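# Report on the structure
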Amino acid sequence: RVDALVAKASQMCGHWPADEVGRDIAQPAPQRGQRIVTDPSVARQQLALASPAPASQDADRYAAMLAATMLGDVTGSRLYYALVDPALADEATMAYDSLDGTGAFMTFLSCDSEQSARIVEIARREMAQFQANGPAEAELLAAKNKIASGATLKGEVPMGRLTAVGYDWVYRHEYVPLADQIETLFAVTAEQVVDLTRKYDLGKTMLVALGPLEKL
């Protein structure tokens, strides 16, 4: 099917003139520190922490997916159990965004403004403990199953699968069947995940806060 699609695209579009469009996709220098945006009209304090992560072209992206899932999935993650389950925060999630030539870990927290400093401290502690000790095997397996199940369900919808195929082609000029991607995901070890979080130090974050506070 892929060969037929490529042949049809070549037939219809092969005569289009080619042109080189260059751009700099070098890894940007990470920023550290914090910025406070005070807005009394925002009822809850919104906190975002960002740190570097593997690019879309990097084989470490699978380990990064797993790290973000174990640390900050909407349910069943370390941040969830440390902050949302005990009702300390409304939201505590981490996402991994793989981009062209770079990537980012992004952590989002929402809480009562008076709890902000404590919430950030707990989130940083969870990241540091994960980075120091790595995941348990059961935790790692659960994360693999979450990601594989999500990718499989997304692939059942044409737009979901075609979007993934499009990103693979634009960023890496490759087509990898979903089954092969899942096999690669399940081959990632706990050691690879913890090494990834040490290489892209989760403690080196930029913090942005929006809400009624003037300082944390």
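Up top is the structure these notes are about.
Scope of this entry: the structure provided in the associated data block. As the structure is a computational prediction, the values presented were derived from the model and not from experiment.

Definitions and limits used
- Residues numbered from 1 in each chain as written.
- Predicted model: local features only at pLDDT ≥ 70, side-chain atom pairs only at ≥ 80, totals over all residues.
- Heavy atoms only, no water.
- Phe/Tyr/Trp six-rings, centres within 6.5 Å; stacked < 30°, edge-to-face > 60°.
- Buried < 20%, exposed > 50% of the residue type's maximum accessible area, 1.4 Å probe, protein only.
- Helix = DSSP H or I, 4+ residues; strand = E, 2+ residues; numbered from the N terminus.
- Expected span 1.5 Å × (residues − 1).
- Contact = heavy atoms within 4.5 Å.
- Patch = residues over 30% accessible without salt bridge, like charges linked within 9 Å, V, L, I, M, F, W, Y side chains within 5 Å.
- Areas by Shrake-Rupley, 256 points an atom, 1.4 Å probe, with all protein chains shown as cover.
- Salt bridge = Lys/Arg side-chain N within 4 Å of Asp/Glu carboxyl O.
- Pairing = 2+ DSSP bridges.
- Axes fitted to C-alpha atoms, helices over the stretch in contact; angles between N-to-C directions.
- Parallel < 35°, antiparallel > 145°, perpendicular 65-115°, else oblique.
- Nonpolar A, V, L, I, M, F, W, Y, C, P; charged D, E, K, R; others polar.

## Let's talk about the packing of aromatic side chains
Going through the model one piece at a time under the given rule, you end up with three aromatic pairs. With a centroid separation of 5.3 Å and an interplanar angle of 75 degrees, the aromatic rings of Y80 and Y81 are classed as edge-to-face. When the ring of Y96 is compared with that of F105, the centres are 5.7 Å apart and the planes differ by 45 degrees; the resulting orientation is tilted. For Y96, a relative accessible area of 15% puts it in the buried group. Among the residues examined, F105 registers a relative accessible area of 1% and is labelled buried.

## Looking at helix α4 (residues 116-133)
For an α-helix, the turn length of 3.6 residues means that residues three or four places apart are oriented alike. Between its first and last C-alpha atoms α4 spans 26 Å; for 18 residues at 1.5 Å apiece the expected length is 26 Å, and the two agree. Looking at the buried side of α4, the elements it contacts are β2 (45-52), α2 (61-72), α3 (78-84), β3 (91-98), β4 (103-111) and α8 (190-199). Directly beyond the C-terminal end of α4, a positive phi value near 75 degrees is found at G134.

## Notes on a nonpolar patch on the surface
A grouping of V2, V6 and Y175 is seen on the molecular surface, where their side chains present a nonpolar patch of about 250 Å² in accessible area. Within the secondary structure layout, V2 lies in helix α1 (residues 2-13).

## Observations concerning the pairing of strand β5 (residues 206-211)
When a strand is regular, its side chains alternate between the sheet's two faces. The two faces of β5 differ: L207, A209 and G211 on one face are buried, but M206, V208 and L210 on the other face are not. Direction of pairing for β2 relative to β5: antiparallel, over a ladder of five bridges. Bridge assignment links L47 to a residue of β5, and that residue is A209.

## Focus: the pattern of salt bridges
For the structure shown, the criterion picks out nine salt bridges. Salt-bridge contacts for D112 lead to R44; the nearest nitrogen and oxygen are separated by 3.7 Å. Here the residue D112 occupies a position in the loop between β4 and α4, and R44 occupies one in the loop between β1 (33-38) and β2, the gap between them amounting to 68 residues. The exposure class of D112 is partly exposed, given its relative accessible area of 31%. Its relative accessible area of 31% is what places R44 among the partly exposed residues. Here D60 ties to K199 by a salt bridge, and the two come within 3.5 Å at their closest N and O atoms. On the criterion of sequence distance, the pair formed by D60 in the loop between β2 and α2 and K199 in helix α8 is long-range, its members being 139 residues apart. Under the relative-accessibility criterion, K199 is labelled exposed at 56%. One salt-bridge network, in which partners are shared between bridges, spans R61, D168, R172 and E174.

## Details of the packing of α2 against helix α5 (residues 137-155)
Relative orientation of the contacting elements α2 and α5 amounts to 105 degrees, with a least axis distance of 9 Å. By the criterion of interaxial angle, the relationship of α2 to α5 is roughly perpendicular. Taking contact as the criterion, the partners of M65, L66, T69 and M70 in α2 are, on α5, E139, L140, A143, K144, K146 and I147. Residues belonging to the contact of α2 with α5 are distributed by class as follows: six nonpolar, one polar and three charged.

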